[in-house]
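A look at the structure
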Number of protein chains: 2
Amino acid sequence: MSNLPNALEVLVEKFAALPGIGQKSAQRLAFHLLSLSDEDAASFADAIVDAKRSIHFCAVCQNYTDAEICPICSSPRRDERVICVVADPKDVAAIERAHEFNGHYHVLHGVISPMKRIGPDDIKIKELVDRVASGNVDEIIMATNPDTEGETTAKYISRLLKPFGVKVTRLASGIPVGADLEFADDATLMRALEGRSEML
Amino acid sequence: MSNLPNALEVLVEKFAALPGIGQKSAQRLAFHLLSLSDEDAASFADAIVDAKRSIHFCAVCQNYTDAEICPICSSPRRDERVICVVADPKDVAAIERAHEFNGHYHVLHGVISPMKRIGPDDIKIKELVDRVASGNVDEIIMATNPDTEGETTAKYISRLLKPFGVKVTRLASGIPVGADLEFADDATLMRALEGRSEML
């Protein structure tokens, strides 16, 4: 039997459902929130609600933004002829930290995965094709993770874009195979960008 | 410059302020919350608000509860003549997991720490003295962490309770010195309870 009051148990379970948070950490976090002032706890709850309410997908690149078009897509200083395609908004943040890439992004919000029953129509591939079809794109850099699903997705998109005559490249394997792009250090990401190769 | 929308940045900072959560984990958690459905995100926020609203200190032992008196203090099967004094609600949960202790608790909500300017009046010591003064208590088990502040607090309380003629014991040092009681395994906690010694 758990001796925690019900509302606390519920809060622990919410934290335990987050990625990378085990049962003990979840309990620690829930207790910490209880120890906050009413104002601070409320402001934590508000931050969640505010983020969900004000943030949506950029109409162009599908990254999270609170505007209609995100700052990267609307910046006059970024090269719109190069689009870096990533699986996840986290990956945009990771590549931006490397300060090496000055083009645009496209966020797929997932990768093709037959195991998880995620098909091409379940992620933002159509939106990418529309961008390429509208012209003005010279190069697509496929920056999905170098694992099975990431490779499959990169190959699928590469074939899909062939008819448009656009150059499709793949991040160089500076990133250790099997690792997660999100956790690559800046130097590795930089080398991977510099050594990118065309997909044939 | 951060490319995250403001509301997302705020949410990341909230997570990063939690104990044991670094900047990258905070970002990962915030992105995860954004990927939840509106209902799931709202229910996370509600869990925080509900926990803060419905949970307060037990009128007797000062542990978190949603009742006036917590289930342990109101249980007829627990021995009210033995009180285990802990620094933190987390420590009650840890000792309960060992299934070895059948008495009552007293939660101090902190330890005496001159460094952090926390004095005896800043934690729930007066409430403990009142419980002992009201009689019916045979033994006080001091179960604060075996570090400097925990030892100081245990000694301070032990001296304070001397006039009442109550037996004051200390958890046996089965717990590695310098470690945190919360993370002790059940066997270690069990041995520490069995080998407790009287404070002289």
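Note that the structure is predicted; figures quoted are calculated from it, not measured.

A word on the overall build of chain A. Looking only at helices and strands, chain A features 8 helices and 7 strands. Taken over 200 residues, chain A has a buried fraction of 48%. Of all intrachain contacts in chain A linking residues separated by at least 6 positions in sequence, the fraction that spans at least 24 positions is 56%. Of the roughly 9600 Å² that chain A leaves accessible, carbon and sulfur atoms contribute 52%.

Each partner contributes to the interface: chain B provides 50 residues, whereas chain A provides 50 residues. On the chain B side of the interface with chain A, the three residues burying the most area are B:Arg28, B:Lys52 and B:Tyr64, jointly 14% of the side's total. For the pair chain B and chain A, the number of links is 2 salt bridges. Residue A:Asp38 pairs with B:Lys52 through a salt bridge whose shortest N-O separation is 3.7 Å. Counting every contact that joins chain B to chain A gives 6 residue pairs in polar contact (both at pLDDT 80 or more). Listed by contribution, the elements that provide at least two residues to the side of chain B that touches chain A are α1 (6–16), α2 (23–35), α3 (38–54), β2 (64–65) and α5 (89–97) of chain B.

What follows concerns the relation of the copies chain B and chain A. With an RMSD of 0.0 Å, the fit of chain B onto chain A corresponds to turning through 180° and sliding 0.0 Å along the axis. Taken together, the rotation angle and the small translation identify this as a two-fold axis. Minimal C-alpha distance to the rotation axis in chain B is attained by B:Ala45, lying at 2.2 Å. An overlap of 100% is found between the interface residues of chain B and their copies at the interface of chain A, pointing to a shared contact surface.

To continue, consider the confidence of the model for chain A. Chain-level statistics for chain A give a pLDDT mean of 87 and a share of 88% at 70 or above. Of the two predicted TM-score estimates for the complex, the pTM is 0.73 and the ipTM is 0.73.

This brings us to the pairing of strand β3 (residues 79–86) of chain B. Residue and element names in this part refer to chain B. Where β3 lies against strand β4 (residues 103–107), 5 bridges are found, and the strand directions are parallel. Considered in β4, the bridge of cysteine 84 is made with tyrosine 105. Between the parallel pair β3 and β4, the chain is carried across by α5, and the sense of this crossover is right-handed. As paired elements, β3 and strand β5 (residues 139–142) share 4 bridges and run parallel to each other. Each bridged residue has a counterpart across the sheet, and for valine 82 the counterpart in β5 is glutamate 139.

Looking now at the domain arrangement of chain A. Per the domain assignment, the segments making up chain A are domain 1 (6–54) and domain 2 (78–194). Taking only C-alpha atoms, the centre of domain 1 of chain A and the centre of domain 2 of chain A are 33 Å apart.

Next up on the list: the pairing of β5(B). Residue and element names in this part refer to chain B. By the alternation rule, side chains of β5 split into Glu139 and Ile141 and Ile140 and Met142, which are all buried. Sheet analysis places β5 next to strand β6 (residues 167–170), joined by 4 bridges and oriented parallel. Its bridge partner being in β6, isoleucine 140 is matched across the sheet by valine 168. Handedness of the β-α-β unit built from β5, helix α7 (residues 148–161) and β6 comes out right-handed.

About the thresholds
- Residues numbered from 1 in each chain as written.
- Chains lettered and ligands numbered in written order.
- Predicted model: local features only at pLDDT ≥ 70, side-chain atom pairs only at ≥ 80, totals over all residues.
- Heavy atoms only, no water.
- Helix = DSSP H or I, 4+ residues; strand = E, 2+ residues; numbered from the N terminus.
- Buried < 20%, exposed > 50% of the residue type's maximum accessible area, 1.4 Å probe, protein only.
- Contact = heavy atoms within 4.5 Å.
- Areas by Shrake-Rupley, 256 points an atom, 1.4 Å probe, with all protein chains shown as cover.
- Buried area = accessible area lost by both parts, 1.4 Å probe.
- Salt bridge = Lys/Arg side-chain N within 4 Å of Asp/Glu carboxyl O.
- Polar contact = N/O pair within 3.5 Å; in protein donor to acceptor, adjacent residues only side chain to side chain.
- Least-squares fit on C-alpha atoms with pLDDT ≥ 70 in both.
- pLDDT = per-residue confidence, 0-100.
- Pairing = 2+ DSSP bridges.
- Right-handed = clockwise from strand over helix to strand, strands pointing away.
- Domains from an automatic or database assignment.

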